[in-house]
Amino acid sequence: MKKASYRKASNLIGLTFTSGDFYSAKEFVKELRGRKFNPKTKEWTVPFSMDMLKEIDAFGFELDDQLFEMIVPNVDESWREIELDPFYDFLRPYQKEVIQFMYHQGGRILNGDSAGLGKTIPSLAYMEFEQLYPALIVVPSALKFRWRDEFYKFFPDSDIRIKIVEGIKDVDDYQGEYDIVIMNYELVSLNTVKDTIKIENGPKDKTKTIFRSTENFKRFQNNGFKIMVVDESQRLSNPDSKITNGIKKLARKIDQLNFLSGTPMRNKTRGLFPVLNMLQQRMFPDQFNFLMTYCDPKKLPFGTTFDGATNTKKLNYLLNSHIMIRHLKKDVLKDLPPLSEVVMGVDLKDFKEYERIEQETYNELVNAGENATLGMFGRMRQVSFELKKQECFDTIDLKLESSDKVVVFAHHKAVIQEVMEKYGKEAVRLDGSMNSKQKEASKNKFINDPKIKVIAMNILAGGVGIDGLQDVASEVVFFELPWSKNDLEQAFSRLWRSGQGNPVTSTVITGNGTIDEDILAIIDRKAGDSSKVIDGTEMDEKDMLAALLKRFKRKMKRLERRRLKEAQQDNEKSVEEEGEATP
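Criteria and thresholds
Residues numbered from 1 in each chain as written. Predicted model: local features only at pLDDT ≥ 70, side-chain atom pairs only at ≥ 80, totals over all residues. Heavy atoms only, no water. 1 Å grid on protein atoms, 1.4 Å probe; cavity = no way out; pocket = protein on both sides within 12 Å on 5 of 7 lines; lining within 4 Å. Points joined across faces, edges and corners; volume = space filled by probe spheres on them. Helix = DSSP H or I, 4+ residues; strand = E, 2+ residues; numbered from the N terminus. Nonpolar A, V, L, I, M, F, W, Y, C, P; charged D, E, K, R; others polar. Buried < 20%, exposed > 50% of the residue type's maximum accessible area, 1.4 Å probe, protein only. Polar contact = N/O pair within 3.5 Å; in protein donor to acceptor, adjacent residues only side chain to side chain.

### Details of empty space enclosed by the protein
In this approach the atoms are scanned with a rolling probe the size of a water molecule, which exposes any empty space left behind.
Then, number 1: Counting across every chain of the model gives four cavities of 30 Å³ or more.
Then, number 2: Estimated volume of the largest cavity: approximately 150 Å³.
Then, number 3: Only α12 (287–294) and α13 (312–323) provide two or more residues apiece to the lining of the largest cavity.
Then, number 4: Here the lining of the largest cavity gets four residues from one element, more than from any other, and that element is α12.
Then, number 5: Class assignment of the residues belonging to the lining of the largest cavity gives a composition of eight nonpolar, three polar and four charged.
Then, number 6: Estimated volume of the second largest cavity: approximately 130 Å³.
Then, number 7: Around the second largest cavity, the lining comprises 13 residues; the ones closest to its centre are Lys119, Arg146, Asp231, Glu232 and Arg497.
Then, number 8: Grouping the constituent residues of the lining of the second largest cavity by class yields two nonpolar, five polar and six charged.

See the structure below:
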């Protein structure tokens, strides 16, 4: 770990580093002007200046509060002055800023623009103008054709040849004959092998895990790709997954890297490390130091956990200064059509039936103890829909009176099936059971067929990578809620995004007094979970399960007290009536 602290009395910067960083840090410090070493304190010092502070910060030293406060006002935003070629004039103003930042960072960035702002176009435009071919694009399976279509949509006169990799055979046979290669994450995983090997000259039975590429994937990596774009890069949050390590092997041989994610950090701060390490290895050289510095290490009897966030100001500063550009929708509303978010509470047709399921669920949770899962709330969510579905369908019918098409989101397949049965030949579905071609066909039918009025989509399957709905629809309705605010925003951003020409209305239908209200309240509060690091605001670290259990148990205890009180009152009333009846 490398630390820098301010010595106000002598106007010096003190530098210390542990053995893990010793050699690289020592070589760096020995190049600094005016350096001195104190053998008693084992500390290096250098004269303070802003230039010196920037140099030390850029190398990755953790600054104390005094130094950090000095450098925050001096974040380098000179990139905003970069003049762009008129080629880029078709982009929106905030998309031009992405291009400027890309030039400033040598094409190695994390584009964290909110969902729906159009992250695809800046990467493609930069690639085309600079002729960075051959180029590799890695995306979720459902997005492969969208990336190809977007390129030809914006550059119809280009003679660029695009290859969509469909399977392992395409990887094996590839000879570098295309300008752009688009492949999905799963193919990276299939071409990456995870092995456990014994450590030579180490303790008995001591092993370590390594990742290696297949021979054909090694040849694929050597095709001289000049840029790699990785869409939905939050999928790389697990440093021990085959996908993450496969992408790392590709990244080592490619100079320019664009990582794209509307939710750069879905949950834990530690999930940021793989992408940061690939983009700025000098600044984030190893996982252990990252975890110790930024992930709130807590020593427990069974080991150390890294589930929180520390030094968030410093990490947020490093992200925004050297790695990430991020625009929130609220900051670029002038460039987007307006959004209205509506929560419509409805009464269930048989609330006693819901309460019966609620009590059964509570008993299951109590019996499960620490083994309780979010899945145990599934019955409550489905019963809530069953008892409010007439109001849900009435809402769709009402919207179709004034709109040609409506997008419906749900969590459970059974709910999507009910939508299909209700609207029959006027509806199409899109869920996780479909492959990328089927999803694309379903989406295109909704867009192009005037007889199709409704598309029913699973929140996760349809909430990411589905583009084009904004061309034909501006009404989105949620029959069920996801477990996170990010997923909710990703879903309604299928309509509220670049290309939408009308105001968008997002309607969430909740059952009064049901788990719907609890989930909505929690995800509204939980929306700050990832924003502390990514957007520089405060974070609520309670996870969904703990928060839901807490609310649910409190509610059930209140209900039990109310029932006891009502039973006591009924009993007292009966006694009084018996007394009055006695002669």
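Now that the structure has been shown, the text picks up again.
### Some details on the environment of Asn222
Then, number 1: Turning to its location among the elements, Asn222 is positioned in the loop between α9 (215–221) and β12 (227–231).
Then, number 2: Assessed through its relative accessible area of 51%, Asn222 is described here as exposed.
Then, number 3: The spatial distance from the C-alpha of Asn222 to the C-alpha of Leu250 is 9.0 Å, given a sequence separation of 28 residues.
Then, number 4: Here Lys218 takes part through its backbone oxygen, which lies 3.1 Å from a polar atom of the side chain of Asn222.
Then, number 5: Of the polar contacts made by the side chain of Asn222, one reaches the side chain of Lys253; its length is 2.7 Å.

### Here's the deal with the layout of surface pockets
Then, number 1: Space inside the second largest pocket adds up to approximately 440 Å³.
Then, number 2: Mapped onto the lining of the second largest pocket, the elements with two or more residues apiece are α5 (120–129), α6 (144–154) and α18 (436–448).
Then, number 3: The greatest single-element share of the lining of the second largest pocket, amounting to five residues, is contributed by α6.
Then, number 4: Looking at side-chain class alone, the lining of the second largest pocket contains five nonpolar, nine polar and 10 charged residues.

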